[in-house]
Amino acid sequence: MGVTKAEAVASDGGKVVDDIEALADLRKEPAWKKFLSHIGPGFMVCLAYLDPGNMETDLQAGANHKYELLWVILIGLIFALIIQSLSANLGVVTGRHLAELCKTEYPVWVKTCLWLLAELAVIASDIPEVIGTGFAFNLLFHIPVWTGVLIAGSSTLLLLGLQRYGVRKLEVVVALLVFVMAGCFFVEMSIVKPPVNKVLQGLFIPRLSGPGATGDSIALLGALVMPHNLFLHSALVLSRNTPASAKGMKDACRFFLFESGIALFVALLVNIAIISVSGTVCNATNLSPEDAVKCSDLTLDSSSFLLRNVLGKSSATVYGVALLASGQSSTITGTYAGQYVMQGFLDIKMKQWLRNLMTRSIAIVPSLIVSIIGGSSGAGRLIVIASMILSFELPFALIPLLKFSSSSNKMGENKNSIYIVGFSWVLGFVIIGINIYFLSTKLVGWILHNALPTFANVLIGIVLFPLMLLYVVAVIYLTFRKDTVKFVSRRELQAGDDTEKAQVATCVADEDSKEPPV
């Protein structure tokens, strides 16, 4: 890509511009065209808020509390938009994604632990998605869940093959799956016809009435912000050719914020539809005793049969298609996140298909084993375990993100204002606190109500207490450790290059101005 002498000396505010992308930026391309070029990463990321794990939590919240917890989803997705925008801004400004920054910033033993935890988070996030896809195949084609798990893995690899044709093609496929899922649940909602006034009240009037409302609201919030999503978003934005100028980066951050807002608004509507469908069906006056028992412990597997029994076969088919779109699209983004985690922390150079196969196999193996041995009920319990692991994992991705996005060493002149930094930290620790509470209550509840003998529970408590203490110490270390590595941002690199090239351009101009020898 050649640059003419005139382009070499073109300037914007006295700064030399030496590449065609920067010159195109100077030509004032319409804002709507720039925005369209930034659409994609937000829809990939929003799938973490529409995965089968979230669907199961939504179904339980609707069955137990009707529409009363819709406000939790609204607040949770507003929180998620703020956190995801921090992740996108970090990638745009630094030119590196979160895993790469962690690798450079932390000592070997810390970054090794963070890498292992990130890999575990990817696996844990992928388990509900793979199992949810297996349930969908079981519902639609009446095949065993373990067979559906195998099909889910192979079909995901085929879809990931679209990367050969560019990331934009894969983003289009994922966006289509999102809208298929949305369409299916809106069809379900039109069949059920929940009362609009009750839905709006649940959305805008906070209430925590009835037994278990606090626990269910915590589970809803805990299922929203996913650790692997923070790595993924900061990496996906790097696929766009963002100018290194201050204006170019500012525009990119704004466009990614708008795009994420649109995608998460779609996710909000889908979550509202799921809770409304579940709340209406499970609280109907003509509900049979058999269906009432199913509503008391609603899972992805049992909810499909419930909807089929109550609403008819066609509605159950629509639910199965929605579950299939949710699981399949979410497994794509989970595998994609695993690629960036491995590349960022380990800097491993391997062929893309091999990395996809490794990431996919790691997630499929536990799901396959449990679904073969434990069947549908065992697979359902594995989803609960996976959600607990993700709650445990969140601080080890969220705290580095908050540290880096509020650090002048990393963000330079693009560092967030003191108000955004303060609000982000408060928000981050609220989310972390909710997840720790969710995790601890689940563990304590399991210890108190399992069928193990007393001495076994005592031994488990003796083992868990030091681990919980170590967990708290690790969170404190990451929070208060001072950043030691200063990054040269893309803006500063551009400025340094411009100074050098300005000297070259001046020399060229001087040579051109000399009179030729006689």
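Residues numbered from 1 in each chain as written. Predicted model: local features only at pLDDT ≥ 70, side-chain atom pairs only at ≥ 80, totals over all residues. Heavy atoms only, no water.

Under an unreviewed UniProt entry, the chain has the name Metal transporter and belongs to Oryza nivara. Checking UniProt for the chain, the heading Sequence similarities (unreviewed entry) contains the comment "Belongs to the NRAMP (TC 2.A.55) family." (UniProt positions renumbered as here; feature names shortened; annotations may be inferred.)

Trainee: Would you mind going over the environment of Leu140 with me for this structure?
Mentor: Counting through the fold element by element, Leu140 comes out in helix α8 (residues 108–141). Taking the C-alpha atoms as reference points, Leu140 and Thr317, 177 residues apart in sequence, are found 6.3 Å from one another. Setting aside residues no more than four positions away along its own chain, Leu140 makes contact with Thr317, Gly320, Val321 and Leu324. (Helix = DSSP H or I, 4+ residues; strand = E, 2+ residues; numbered from the N terminus. Contact = heavy atoms within 4.5 Å.)

Trainee: Sorry if this is basic, but what is going on with the pattern of salt bridges here?
Mentor: Side-chain pairs of opposite charge can arise where the charged atoms are in close proximity. In the structure shown here, the tally under the stated rule is five salt bridges. In this structure, Glu105 engages Arg481 in a salt bridge whose closest nitrogen and oxygen atoms are separated by 2.7 Å. With Glu105 in helix α7 (residues 98–105) and Arg481 in the loop between α22 (454–480) and α23 (490–513), this pair connects stretches of sequence that are 376 residues apart. One exposure class covers both Glu105 and Arg481, and it is buried. (Salt bridge = Lys/Arg side-chain N within 4 Å of Asp/Glu carboxyl O. Buried < 20%, exposed > 50% of the residue type's maximum accessible area, 1.4 Å probe, protein only.)

Trainee: Explain the side chain of Glu393 here, please?
Mentor: Within the fold, Glu393 resides in helix α18 (residues 352–393). In this structure Glu393 comes out as buried when scored by relative accessible area, which is 2%. Those residues in contact with Glu393, other than ones at most four positions away along the chain, are Leu117, Ala118, Leu120, Ala121 and Pro227.

Trainee: I'm lost on the packing of helix α6 (residues 70–94) against helix α11 (residues 196–204) in this one. Help?
Mentor: Angle between the axes and distance between the axes are the two parameters that describe a pair of packed helices. For the pair α6 and α11, the least separation of the axes is 5 Å and the interaxial angle reads 50°. When the interaxial angle is binned, α6 and α11 end up oblique. The two elements α6 and α11 meet at a crossing, and its hand is right-handed. Residues Leu70, Trp71 and Leu74 of α6 lie in contact with α11, whose contacting residues are Val199, Gly202, Leu203 and Phe204. Partitioning the contact of α6 with α11 into residue classes produces six nonpolar, one polar and no charged. (Axes fitted to C-alpha atoms, helices over the stretch in contact; angles between N-to-C directions. Parallel < 35°, antiparallel > 145°, perpendicular 65-115°, else oblique. Left-handed = near helix turned anticlockwise from the far one by under 90°. Nonpolar A, V, L, I, M, F, W, Y, C, P; charged D, E, K, R; others polar.)

Trainee: Would you mind showing me how to read the environment of Val421 here?
Mentor: For Val421, the location among the structural elements is in helix α21 (residues 418–449). What makes Val421 buried here is its relative accessible area of 13%. Put simply, Val421 and Ser407 are 14 residues apart on the chain and 9.3 Å apart in space, counted from C-alpha to C-alpha. Aside from chain neighbours lying at most four places away, what touches Val421 is Ser406 and Asn416.

Trainee: How do you make sense of α8 when you look at a structure like this?
Mentor: Counting along an α-helix, one turn takes 3.6 residues, and residues three or four places apart therefore face a common direction. Between its terminal C-alpha atoms α8 stretches 49 Å, which fits the 50 Å expected from 34 residues at 1.5 Å a residue. If you look at α8, its biggest bend is around 25°, right at Asp126, and the proline Pro128 turns up within four residues after that. With 24 of 34 residues buried, α8 is to be regarded as a mostly interior element. Two residues or fewer past α8, His142 is found with a positive phi of approximately 60°. (Expected span 1.5 Å × (residues − 1). Bend = angle between axes of the 7 residues up to and from the residue.)

Trainee: Just to check I follow, could you spell out the packing of α6 against helix α19 (residues 395–405) for this structure?
Mentor: Between α6 and α19, the shortest axis-to-axis distance is 10 Å and the interhelical angle comes to 60°. Considering their axes alone, α6 and α19 lie oblique with respect to each other. For the element pair α6 and α19, the recorded crossing hand is left-handed. When α6 is examined against α19, the residues Ile83, Leu86, Ser87 and Leu90 are found in contact with a partner set consisting of Leu398, Leu401, Leu402, Phe404 and Ser405. In terms of residue class, the contact of α6 with α19 is made up of seven nonpolar, two polar and no charged.

Trainee: Looking at this structure, I do not really get the confidence of the model for the chain. What am I missing?
Mentor: Averaged over every residue, the pLDDT of the chain is 76; residues scoring 70 or more account for 79%. Per-residue pLDDT, averaged within each element of the chain, yields its smallest value for helix α1 (residues 5–8) (40) and its largest for α7 (91). Note on residues 1–21: pLDDT under 50 across the span, and 33 contacts to partners over four residues away in sequence or across chains. This model gives residues 498–518 a pLDDT under 50, and the stretch forms eight contacts once residues within four places in sequence are excluded. (pLDDT = per-residue confidence, 0-100.)

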